Amino acid sequence: MPDDVDELILKMQHLAAQARAQREAEALAARGKSLKSRAQQIAWAAQAELSAAEVQQRDGEEKLQRARESGLQPIAAADLLEEGRRLASEGRSRVVKARAKLNFALDQLDEADRREYEALRAEARAEAHQQMADDPLFKKAPATAASAAPRPPAAPAPASALVSGKPVAPSDEPAEPDTPGPRKTLGPRRRKGT
């Protein structure tokens, strides 16, 4: 009976641990998916911003090249040079900011992957606790009903009880002709009928 109580306590503890692990896995998976979708949106926006900033920077550098070429009037070249410097400078700062956003988004994607991995580990813990709840003492299920009945351990015969390979009853117990050998008892045998 106490073994049954202990098994039930272990089973309840494993079921409680399984429920906690499942809740943790669900929470981590939900946070990971949310984080991943936000990070993907940020990465997409940052990639678009980076492309636009690189185009702006190239336009500014092209204007600087055209301003340095001969054949332009000095006032037009000065305006083109000033606009080229402004576009190139703004483009460079936008590229740096866009790359920083993109790196942040990539870090967030890594974090989302880490949370997905933690959710997978929590699911594995929940499954392990479920298996332990099904068999809290890790006993193997008996194959047949005959093997399920516990057998008393066989008592080894004392060395003095063996004579020519045949078991002999010890001297303190009366020998009965139908007894196959010495039996383990707690005291002297009671006689039948008393």
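These lines cover the structure that appears in this document, whether it is placed above or below.

What counts, and where the lines are drawn
Residues numbered from 1 in each chain as written. Predicted model: local features only at pLDDT ≥ 70, side-chain atom pairs only at ≥ 80, totals over all residues. Heavy atoms only, no water. Helix = DSSP H or I, 4+ residues; strand = E, 2+ residues; numbered from the N terminus. Polar contact = N/O pair within 3.5 Å; in protein donor to acceptor, adjacent residues only side chain to side chain. Contact = heavy atoms within 4.5 Å. Salt bridge = Lys/Arg side-chain N within 4 Å of Asp/Glu carboxyl O.

Section: the side chain of His14
Its place among the elements puts His14 in helix α1 (residues 2–68). A distance of 3.2 Å separates polar atoms of two side chains, one belonging to His14 and the other to His129. His14 has contacts with His129, Met132 and Ala133, leaving out every residue within four places of it along the chain.

Focus on the environment of Ala124
Take Ala124: it is sitting in helix α2 (residues 74–134). Between the C-alpha atoms of Ala124 and Gln18, which are 106 residues apart in sequence, the distance is 9.6 Å.

A closer look at the pattern of salt bridges
Taken as a whole and assessed by the stated rule, the structure comprises 10 salt bridges. Residue Lys63 pairs with Glu83 through a salt bridge whose shortest N-O separation is 2.6 Å. Here Lys63 is found in helix α1, whereas its partner Glu83 is found in helix α2, with 20 residues between them in sequence. Put simply, Glu111 and Arg115 hold a salt bridge, and the shortest N to O gap is 3.3 Å.

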